[in-house]
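Observations on the model geometry
Here is how the chains run, residue by residue.
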Amino acid sequence: MSRIQGRFEALAKAKRKALIPYITAGDPHPSLTVPLMRGLVEAGADIIELGVPFSDPMADGPVIQRAGERALKHGVGLSDVLKLVSEFRKTDGATPVVLMGYANPIEAMGVEKFVADAKAADIDGVIVVDYPPEECEPFAALAQKHGIDPIFLLAPTSTDKRIEQVARVGSGYLYYVSLRGITGASHLDFSEVSSRIPRIRAVTRLPIGVGFGIRDAESARRVAQTADAVVIGSRIIQEIEAGAADQAVSRVKAFLKPIREALDA
(Lines give C-alpha, C1' and ligand atoms only; values in the text may rest on other atoms or scores of the structure.)
Protein backbone atom coordinates (compact mmCIF):
# COMPACT_ATOMS: atom_id res chain seq x y z
CA MET A 1 0.00 0.00 0.00
CA SER A 2 1.34 3.43 -0.92
CA ARG A 3 1.69 6.13 1.72
CA ILE A 4 -0.99 8.15 -0.07
CA GLN A 5 -3.44 5.26 -0.17
CA GLY A 6 -2.80 4.53 3.48
CA ARG A 7 -3.45 8.14 4.43
CA PHE A 8 -6.76 8.29 2.56
CA GLU A 9 -7.91 4.96 4.01
CA ALA A 10 -7.13 6.15 7.54
CA LEU A 11 -9.00 9.40 6.92
CA ALA A 12 -12.00 7.54 5.51
CA LYS A 13 -12.18 5.33 8.59
CA ALA A 14 -12.09 8.45 10.75
CA LYS A 15 -14.71 10.12 8.50
CA ARG A 16 -12.37 13.03 7.84
CA LYS A 17 -11.41 14.85 4.66
CA ALA A 18 -7.85 15.38 3.50
CA LEU A 19 -6.24 18.80 3.59
CA ILE A 20 -3.60 19.15 0.87
CA PRO A 21 -1.69 22.44 0.93
CA TYR A 22 0.67 23.50 -1.85
CA ILE A 23 3.87 25.52 -1.58
CA THR A 24 6.59 26.20 -4.13
CA ALA A 25 9.96 24.72 -3.22
CA GLY A 26 12.52 27.47 -2.68
CA ASP A 27 10.00 30.23 -1.98
CA PRO A 28 10.60 32.62 -0.31
CA HIS A 29 14.04 31.09 0.28
CA PRO A 30 15.36 27.52 -0.01
CA SER A 31 16.22 27.49 3.70
CA LEU A 32 12.55 27.94 4.56
CA THR A 33 11.09 25.12 2.46
CA VAL A 34 11.57 22.33 5.00
CA PRO A 35 10.39 24.50 7.95
CA LEU A 36 7.33 25.42 5.91
CA MET A 37 6.62 21.76 5.14
CA ARG A 38 6.88 20.93 8.83
CA GLY A 39 4.64 23.87 9.65
CA LEU A 40 2.01 22.63 7.22
CA VAL A 41 1.96 19.27 8.97
CA GLU A 42 1.70 20.92 12.38
CA ALA A 43 -1.28 22.92 11.11
CA GLY A 44 -3.10 19.79 9.97
CA ALA A 45 -1.92 18.96 6.46
CA ASP A 46 -2.51 15.35 5.44
CA ILE A 47 -0.54 15.45 2.18
CA ILE A 48 1.86 18.13 0.90
CA GLU A 49 2.03 19.20 -2.72
CA LEU A 50 5.45 20.69 -3.40
CA GLY A 51 5.81 22.77 -6.52
CA VAL A 52 8.88 22.45 -8.72
CA PRO A 53 9.88 25.94 -9.95
CA PHE A 54 9.57 26.35 -13.71
CA SER A 55 10.02 29.35 -15.99
CA ASP A 56 6.81 28.84 -18.02
CA PRO A 57 4.09 27.54 -15.67
CA MET A 58 1.12 27.64 -18.02
CA ALA A 59 -1.50 26.48 -15.53
CA ASP A 60 -0.45 28.81 -12.73
CA GLY A 61 -1.83 32.22 -12.01
CA PRO A 62 0.30 35.26 -11.13
CA VAL A 63 0.64 34.36 -7.45
CA ILE A 64 2.28 30.99 -8.00
CA GLN A 65 4.18 32.39 -10.98
CA ARG A 66 5.79 34.91 -8.65
CA ALA A 67 6.65 32.14 -6.20
CA GLY A 68 8.37 30.22 -8.98
CA GLU A 69 10.29 33.29 -10.07
CA ARG A 70 11.54 33.91 -6.54
CA ALA A 71 12.67 30.29 -6.25
CA LEU A 72 14.40 30.37 -9.63
CA LYS A 73 16.31 33.49 -8.59
CA HIS A 74 17.74 31.37 -5.79
CA GLY A 75 18.77 28.79 -8.38
CA VAL A 76 16.33 26.12 -7.20
CA GLY A 77 15.88 23.32 -9.75
CA LEU A 78 14.45 19.82 -9.76
CA SER A 79 17.52 18.23 -8.15
CA ASP A 80 17.39 20.80 -5.36
CA VAL A 81 13.71 20.04 -4.74
CA LEU A 82 14.49 16.36 -4.31
CA LYS A 83 17.24 17.23 -1.82
CA LEU A 84 14.78 19.35 0.17
CA VAL A 85 12.36 16.43 0.38
CA SER A 86 15.19 14.18 1.57
CA GLU A 87 15.90 16.73 4.29
CA PHE A 88 12.22 16.80 5.28
CA ARG A 89 12.23 13.02 5.52
CA LYS A 90 14.86 13.11 8.26
CA THR A 91 12.12 14.17 10.68
CA ASP A 92 8.91 13.11 8.93
CA GLY A 93 8.55 9.66 7.43
CA ALA A 94 4.76 9.64 7.52
CA THR A 95 3.40 12.61 5.57
CA PRO A 96 2.92 11.91 1.84
CA VAL A 97 4.73 14.37 -0.43
CA VAL A 98 3.60 14.94 -4.02
CA LEU A 99 5.73 16.88 -6.49
CA MET A 100 3.77 19.15 -8.82
CA GLY A 101 5.36 20.66 -11.89
CA TYR A 102 5.94 20.50 -15.61
CA ALA A 103 7.44 18.10 -18.08
CA ASN A 104 10.46 20.13 -19.19
CA PRO A 105 12.59 19.76 -16.02
CA ILE A 106 11.83 16.04 -15.93
CA GLU A 107 12.68 15.56 -19.58
CA ALA A 108 15.90 17.55 -19.10
CA MET A 109 16.91 15.33 -16.20
CA GLY A 110 15.79 12.17 -18.00
CA VAL A 111 12.60 10.36 -17.06
CA GLU A 112 14.28 7.23 -15.71
CA LYS A 113 16.76 9.23 -13.61
CA PHE A 114 13.98 11.42 -12.30
CA VAL A 115 11.87 8.48 -11.19
CA ALA A 116 14.85 6.75 -9.59
CA ASP A 117 15.95 9.93 -7.79
CA ALA A 118 12.39 10.68 -6.70
CA LYS A 119 12.15 7.20 -5.23
CA ALA A 120 15.46 7.71 -3.42
CA ALA A 121 14.14 11.00 -2.00
CA ASP A 122 11.02 9.17 -0.76
CA ILE A 123 8.56 11.03 -2.98
CA ASP A 124 5.05 9.54 -2.88
CA GLY A 125 3.41 11.02 -5.96
CA VAL A 126 3.94 13.28 -8.93
CA ILE A 127 1.66 15.61 -10.87
CA VAL A 128 3.06 16.63 -14.25
CA VAL A 129 0.63 19.28 -15.45
CA ASP A 130 1.48 19.01 -19.14
CA TYR A 131 1.75 15.21 -19.42
CA PRO A 132 -1.45 14.15 -21.20
CA PRO A 133 -2.63 10.86 -19.69
CA GLU A 134 -3.25 9.47 -23.17
CA GLU A 135 0.42 9.85 -24.05
CA CYS A 136 2.30 8.98 -20.88
CA GLU A 137 1.30 5.47 -19.94
CA PRO A 138 4.98 4.37 -19.95
CA PHE A 139 5.81 7.17 -17.50
CA ALA A 140 2.89 6.24 -15.26
CA ALA A 141 3.88 2.58 -15.30
CA LEU A 142 7.50 3.41 -14.50
CA ALA A 143 6.47 5.63 -11.59
CA GLN A 144 4.15 2.99 -10.19
CA LYS A 145 6.89 0.37 -10.54
CA HIS A 146 8.98 2.52 -8.20
CA GLY A 147 6.12 3.05 -5.76
CA ILE A 148 5.31 6.59 -6.91
CA ASP A 149 1.70 7.49 -7.68
CA PRO A 150 1.17 9.34 -10.98
CA ILE A 151 -1.63 11.82 -10.33
CA PHE A 152 -3.55 13.47 -13.17
CA LEU A 153 -5.75 16.51 -13.53
CA LEU A 154 -9.38 16.57 -14.56
CA ALA A 155 -11.28 19.73 -15.45
CA PRO A 156 -14.92 20.82 -15.81
CA THR A 157 -14.47 20.32 -19.56
CA SER A 158 -13.03 16.79 -19.31
CA THR A 159 -14.88 14.30 -21.49
CA ASP A 160 -16.06 10.89 -20.31
CA LYS A 161 -13.23 9.37 -22.34
CA ARG A 162 -10.63 11.53 -20.56
CA ILE A 163 -12.10 10.71 -17.15
CA GLU A 164 -11.93 6.99 -17.90
CA GLN A 165 -8.32 7.30 -19.14
CA VAL A 166 -7.20 9.21 -16.06
CA ALA A 167 -8.94 6.72 -13.79
CA ARG A 168 -7.17 3.87 -15.56
CA VAL A 169 -3.57 5.14 -15.56
CA GLY A 170 -3.55 7.31 -12.44
CA SER A 171 -3.17 6.28 -8.81
CA GLY A 172 -3.05 7.87 -5.38
CA TYR A 173 -5.86 10.34 -6.02
CA LEU A 174 -7.39 12.33 -8.84
CA TYR A 175 -7.03 16.10 -8.91
CA TYR A 176 -10.19 17.85 -10.10
CA VAL A 177 -9.55 21.42 -11.24
CA SER A 178 -12.63 23.19 -9.98
CA LEU A 179 -12.74 26.04 -12.47
CA ARG A 180 -11.98 26.99 -16.04
CA GLY A 181 -8.83 29.00 -15.66
CA ILE A 182 -5.55 29.33 -13.84
CA THR A 183 -4.66 28.77 -10.20
CA GLY A 184 -5.79 31.43 -7.77
CA ALA A 185 -8.96 32.48 -9.58
CA SER A 186 -11.90 33.13 -7.29
CA HIS A 187 -14.97 32.25 -9.37
CA LEU A 188 -15.50 28.81 -7.88
CA ASP A 189 -18.83 27.24 -8.89
CA PHE A 190 -19.80 24.95 -6.01
CA SER A 191 -22.84 23.58 -7.81
CA GLU A 192 -20.72 22.50 -10.75
CA VAL A 193 -18.23 20.80 -8.44
CA SER A 194 -21.00 18.94 -6.63
CA SER A 195 -22.50 17.77 -9.91
CA ARG A 196 -19.22 16.69 -11.50
CA ILE A 197 -17.75 14.70 -8.63
CA PRO A 198 -20.39 11.91 -8.79
CA ARG A 199 -19.71 11.57 -12.51
CA ILE A 200 -16.05 10.96 -11.78
CA ARG A 201 -16.83 8.57 -8.92
CA ALA A 202 -18.85 6.45 -11.31
CA VAL A 203 -15.66 5.32 -13.06
CA THR A 204 -13.06 5.21 -10.27
CA ARG A 205 -12.54 4.26 -6.65
CA LEU A 206 -9.62 6.66 -6.30
CA PRO A 207 -10.09 9.55 -3.86
CA ILE A 208 -10.89 12.86 -5.49
CA GLY A 209 -9.14 16.07 -4.49
CA VAL A 210 -10.44 19.45 -5.59
CA GLY A 211 -8.25 22.50 -6.09
CA PHE A 212 -7.96 25.87 -7.91
CA GLY A 213 -10.13 28.54 -6.30
CA ILE A 214 -10.39 27.34 -2.68
CA ARG A 215 -9.45 30.35 -0.61
CA ASP A 216 -10.81 30.04 2.94
CA ALA A 217 -12.42 27.78 5.51
CA GLU A 218 -15.92 28.18 4.12
CA SER A 219 -15.02 27.32 0.53
CA ALA A 220 -12.97 24.36 1.79
CA ARG A 221 -15.89 23.13 3.89
CA ARG A 222 -18.33 23.36 0.98
CA VAL A 223 -16.03 21.54 -1.43
CA ALA A 224 -15.36 18.82 1.15
CA GLN A 225 -19.07 18.01 1.24
CA THR A 226 -18.57 16.08 -2.00
CA ALA A 227 -14.78 15.72 -2.42
CA ASP A 228 -12.35 13.56 -0.47
CA ALA A 229 -9.71 16.29 -0.26
CA VAL A 230 -9.29 20.01 -0.70
CA VAL A 231 -6.14 21.48 -2.26
CA ILE A 232 -5.07 25.04 -1.41
CA GLY A 233 -2.13 26.77 -3.03
CA SER A 234 -2.37 30.38 -4.13
CA ARG A 235 -3.81 31.65 -0.85
CA ILE A 236 -0.93 30.04 1.04
CA ILE A 237 1.58 31.72 -1.28
CA GLN A 238 -0.18 35.03 -0.65
CA GLU A 239 0.31 34.56 3.08
CA ILE A 240 4.01 33.98 2.47
CA GLU A 241 4.19 37.12 0.31
CA ALA A 242 2.32 39.29 2.82
CA GLY A 243 5.01 39.29 5.48
CA ALA A 244 8.72 39.09 6.05
CA ALA A 245 10.46 35.80 5.28
CA ASP A 246 10.95 35.03 8.96
CA GLN A 247 7.17 35.26 9.42
CA ALA A 248 6.35 32.78 6.64
CA VAL A 249 5.95 29.67 8.78
CA SER A 250 3.83 31.34 11.46
CA ARG A 251 1.62 33.09 8.90
CA VAL A 252 0.99 29.89 6.95
CA LYS A 253 0.18 27.91 10.10
CA ALA A 254 -2.22 30.62 11.29
CA PHE A 255 -3.96 30.60 7.92
CA LEU A 256 -4.24 26.83 7.63
CA LYS A 257 -5.45 25.93 11.13
CA PRO A 258 -9.00 27.37 10.74
CA ILE A 259 -9.36 25.44 7.48
CA ARG A 260 -8.39 22.21 9.23
CA GLU A 261 -10.94 23.00 11.94
CA ALA A 262 -13.67 23.66 9.35
CA LEU A 263 -13.01 20.35 7.64
CA ASP A 264 -13.19 18.51 10.95
CA ALA A 265 -16.29 20.27 12.25
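Going by the structure above, here's the rest.
First things first, this report covers the structure right here in the doc. (Residues numbered from 1 in each chain as written. Predicted model: local features only at pLDDT ≥ 70, side-chain atom pairs only at ≥ 80, totals over all residues. Heavy atoms only, no water.)

Let's talk about the sheet that holds strand 8 (residues 208-211)
Worth spelling out the cut-off: Strands are treated as partners if at least two bridges between them are detected by DSSP. Secondary structure is summarised from DSSP: a helix means a run of H or I of at least four residues, a strand means a run of E of at least two, and numbering begins at the N terminus for each. Residues count as neighbours in contact if any of their non-hydrogen atoms are within 4.5 Å of one another. In this analysis an axis means a line fitted to C-alpha atoms, helices contributing only their contacting stretch, and an angle means the value between N-to-C directions, from 0 to 180 degrees.
If you trace the nine strands from one edge of the open sheet to the other, you get 5-4-3-2-1-9-8-7-6, paired in parallel fashion. The outermost strands of the open sheet, each flanked by one partner alone, are strand 5 (149-151) and strand 6 (153-154). Taken together, the two bridges between strand 8 and strand 9 (residues 229-232) define a ladder with parallel strand orientation. Among the inter-strand pairings, Gly209 is bridged to a residue of strand 9, identified as Ala229. Here helix 11 (residues 234-241) sits on the sheet and contacts strand 1 (18-24) and strand 9; the angle it forms with strand 1, its principal contact strand, is near 50°.

Observations regarding the packing of aromatic side chains
To keep it simple, the criterion reads: Centre distance within 6.5 Å is the pairing criterion for rings of Phe, Tyr and Trp, where only the six-membered ring of Trp is used; planes under 30 degrees apart are then read as stacked, over 60 as edge-to-face, and the remainder as tilted. Per-residue accessibility, obtained with a 1.4 Å probe over protein chains only, is compared with the maximum for each type, and a residue is labelled buried under 20%, exposed over 50%, and partly exposed between these values. In this scheme, Lys NZ or Arg CZ marks a charge over a ring once it lies within 6 Å of the ring centre and within 35 degrees of the ring normal.
One pass over the structure, following the stated rule, counts four aromatic pairs. Residues Phe8 and Tyr173 carry aromatic rings whose centres are separated by 5.7 Å and whose planes lie at 55° to one another, so their mutual orientation is tilted. With Phe8 in helix 1 (residues 3-13) and Tyr173 in the loop between helix 8 (160-169) and strand 7 (174-177), the pair connects residues that are 165 residues apart, well separated along the chain. Comparing Phe8 with Tyr173, the two get one shared label, buried. Measuring from centroid to centroid gives 6.0 Å for Tyr175 and Phe212, while their planes differ by 90°, and the two rings are edge-to-face. Placement of the pair is Tyr175 in strand 7 and Phe212 in the loop between strand 8 and helix 10 (217-224), with a sequence separation of 37 residues. Residue classification places Tyr175 among the buried positions, given a relative accessible area of 4%. The ring centre of Phe190 lies 3.9 Å from the NZ or CZ of Arg222, which sits over that ring.

Here we look at the pairing of strand 8
Quick reminder of the rule: Whether a crossover is right-handed comes down to one check: with the strands pointing away from the viewer, does the path from the first strand over the helix to the second run clockwise; if it does, it is right-handed.
Along strand 8, one buried face is formed by Ile208 and Val210 and the opposite face, lined by Gly209 and Gly211, is buried too. Bridging between strand 7 and strand 8 involves four bridges; their strand directions are parallel. From the neighbouring strand, Tyr175 faces strand 8, where its bridge partner is Gly209. One crossover worth recording links strand 8 to the parallel strand 9 by way of helix 10, and it is right-handed.

Comments concerning the side chain of Glu239
Take Glu239: it is sitting in helix 11. Overall, the relative accessible area of 14% leaves Glu239 in the buried class. Setting aside anything within four residues of it in sequence, one finds Glu239 in contact with Arg251 and Phe255.

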